[in-house]
Amino acid sequence: VVYAATRLELFPDSYAVLYAVPLGIGWAAMVAAAISRDPARRQMGAALLLLLSAGYAPRTPSALIVTVVGVALLARSAIALGHRRR
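Reference entry: report on the structure contained in this document.

Digging into the packing of helix H3 (residues 39-54) against helix H4 (residues 61-84)
Step number 1: In the contact formed by H3 and H4, the axes pass within 8 Å of each other and the chain directions differ by 155 degrees. With respect to H4, the element H3 is oriented roughly antiparallel. Handedness of the H3/H4 crossing: left-handed.
Step number 2: Looking at the contact of H3 with H4 residue by residue, the class counts come to 16 nonpolar, 5 polar and 3 charged.

Okay, here's the thing in structure tokens:
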């Protein structure tokens, strides 16, 4: 099930519109973080943009690099937000 979900084969072609729901939520979170005044949240928005643009299952080396950079940036911003809340 996890393999099928990450390869966009979980739903048949007739239910492909259901993929729009998580993508829409992701884009909304990205826009909200990107327009924030907080630098750590803007960084989180940039990380979400990279992750959403790379896709669910990157098949090319460039998409894999974008995924890795997005995850690293997301971890960096999460650490920055965590240190600030202490």
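Back to the text.
Here we look at the pattern of salt bridges
Step number 1: One pass over the structure, following the stated rule, counts 2 salt bridges.
Step number 2: For Arg41, the salt bridge is made with Asp38, and the minimal N-O distance between the two is 3.4 Å.
Step number 3: The buried category is assigned to Asp38, whose relative accessible area is 17%.
Step number 4: With its nearest N and O atoms 2.7 Å apart, the salt bridge here joins Asp38 to Arg84. Of this pair, Asp38 sits in the loop between helix H2 (20-34) and H3 while Arg84 sits in helix H4; the two residues are 46 residues apart in sequence, bridging distant segments of the chain.

A short note on the environment of Ala63
Step number 1: Tracing the backbone through its elements, the reader meets Ala63 in helix H4.
Step number 2: In this view, Ala63 contacts Ala54 and Pro58; residues no more than four positions away in its chain are not counted.

Parameters and conventions
Residues numbered from 1 in each chain as written. Predicted model: local features only at pLDDT ≥ 70, side-chain atom pairs only at ≥ 80, totals over all residues. Heavy atoms only, no water. Axes fitted to C-alpha atoms, helices over the stretch in contact; angles between N-to-C directions. Helix = DSSP H or I, 4+ residues; strand = E, 2+ residues; numbered from the N terminus. Parallel < 35°, antiparallel > 145°, perpendicular 65-115°, else oblique. Left-handed = near helix turned anticlockwise from the far one by under 90°. Nonpolar A, V, L, I, M, F, W, Y, C, P; charged D, E, K, R; others polar. Salt bridge = Lys/Arg side-chain N within 4 Å of Asp/Glu carboxyl O. Buried < 20%, exposed > 50% of the residue type's maximum accessible area, 1.4 Å probe, protein only. Contact = heavy atoms within 4.5 Å.

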